[in-house]
Structures are given as structure tokens and as C-alpha cells.
Amino acid sequence: MTSMQAPSGNSAPRLRSIGEVIAELRGEFPELTSSKLRFLESEGLVTPARLPNGYRKFTDSHIMRLRVVLTLQREQYLPLRVIKEKLVLHDAGQDVLGDAAATVDVREGRAAEPAPAPE
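What you see is a predicted model, and the numbers here were worked out from it, not measured in a lab.

A.B. asks: What exactly am I supposed to notice about helix α4 (residues 80-91) here?
C.D. replies: Since there are 3.6 residues in each turn of an α-helix, residues three or four apart along the chain are aligned in direction. The terminal C-alpha atoms of α4 lie 16 Å apart, and with 12 residues this matches the ideal 16 Å at 1.5 Å per residue to within 8%. At its buried positions, α4 is contacted by α2 (34-42) and α3 (60-76).

A.B. asks: Could you clarify how one ought to interpret the packing of α3 against α4 in this entry?
C.D. replies: Packed helix pairs are characterised by how far apart their axes lie and by the angle those axes make with each other. Close contact between α3 and α4 brings their axes to 10 Å; oriented N to C, the two are set at 135°. On the basis of their axis angle, the class for α3 and α4 is oblique. Classified by chirality, the crossing of α4 by α3 is right-handed. Residue-level inspection shows Met64, Arg65, Val68, Val69, Leu72, Gln73 and Gln76 of α3 in contact with α4, the latter providing Leu80, Ile83, Lys86, Leu87, His90 and Asp91. Considering only residue class, the contact of α3 with α4 consists of seven nonpolar, three polar and three charged.

A.B. asks: Looking at this structure, I do not really get the packing of helix α1 (residues 18-25) against α3. What am I missing?
C.D. replies: The N-to-C vectors of α1 and α3 enclose an angle of 55°; their axes lie 11 Å apart at closest approach. When the axis of α1 is compared with that of α3, the two are oblique. Helix-helix and strand crossings are classified by hand; for α1 and α3 the assignment is right-handed. Contacts between α1 and α3 involve Val21, Glu24 and Leu25 from the former and Ile63, Leu66, Arg67 and Leu70 from the latter.

Conventions used here
- Residues numbered from 1 in each chain as written.
- Predicted model: local features only at pLDDT ≥ 70, side-chain atom pairs only at ≥ 80, totals over all residues.
- Heavy atoms only, no water.
- Helix = DSSP H or I, 4+ residues; strand = E, 2+ residues; numbered from the N terminus.
- Expected span 1.5 Å × (residues − 1).
- Contact = heavy atoms within 4.5 Å.
- Axes fitted to C-alpha atoms, helices over the stretch in contact; angles between N-to-C directions.
- Parallel < 35°, antiparallel > 145°, perpendicular 65-115°, else oblique.
- Left-handed = near helix turned anticlockwise from the far one by under 90°.
- Nonpolar A, V, L, I, M, F, W, Y, C, P; charged D, E, K, R; others polar.

Here it is, written out as C-alpha cells:
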């Protein structure tokens, strides 16, 4: 158990610093930086808790949300406006990642017709 992790009898969420979040997600998203996380926060895509000293603290749900955002950016090339719309659906319990290989029309922010399969 780390110093930030709650004991098993306590229901307090595990809180992570920005550095810990980057370390946890670095395997999946090697391009992730603290600047990118701060940018995603400034755009309203994730809202970590703030300590009185201003440090950000991320919970498991923040990290799950970041995975969704970063996956949609990397695999579907969606603009932030569309990702915000998808996060509303995600927060309502819908699977917004679906088929990660789906083709997306980024101009309209919606799935395009699938390309015909090669013969």
C-alpha cells in the first residue's frame, strides 16, 4: 500500500499527483506530459481536486476519464468539442470507445460510413 492509498477499511479514494498519473498512463500514452494534462484540465475535460497549496490530485475516475479522452484523440482523431460531447455519454454509462478502429468524420464529429472491405 502506498502512502496515498487508503487502507482497505476506509472508503476514501486513492489520490495521485500529476506525476503519478503520467507514470501510470505512460505505457499506454507515451506522449503524455504534465503540460498536456494541464491543458486538458483548462479545456474542462478533467477536473482534478485541488489541495490548498494548489497541487492537483487525481482519483481513479479522473484516470479513467483521461484514458477515454486520450484514446479518442489518438485513435479517432476527434476534436475536443466532440470529445466533450462523448464524455457526457460516458458519464451516463455509455461505451463511447466502441470499436477503436471506427472511421470518424472529424468535420462533422460523427462516424462516417465504413469503407468497403478489400476483396
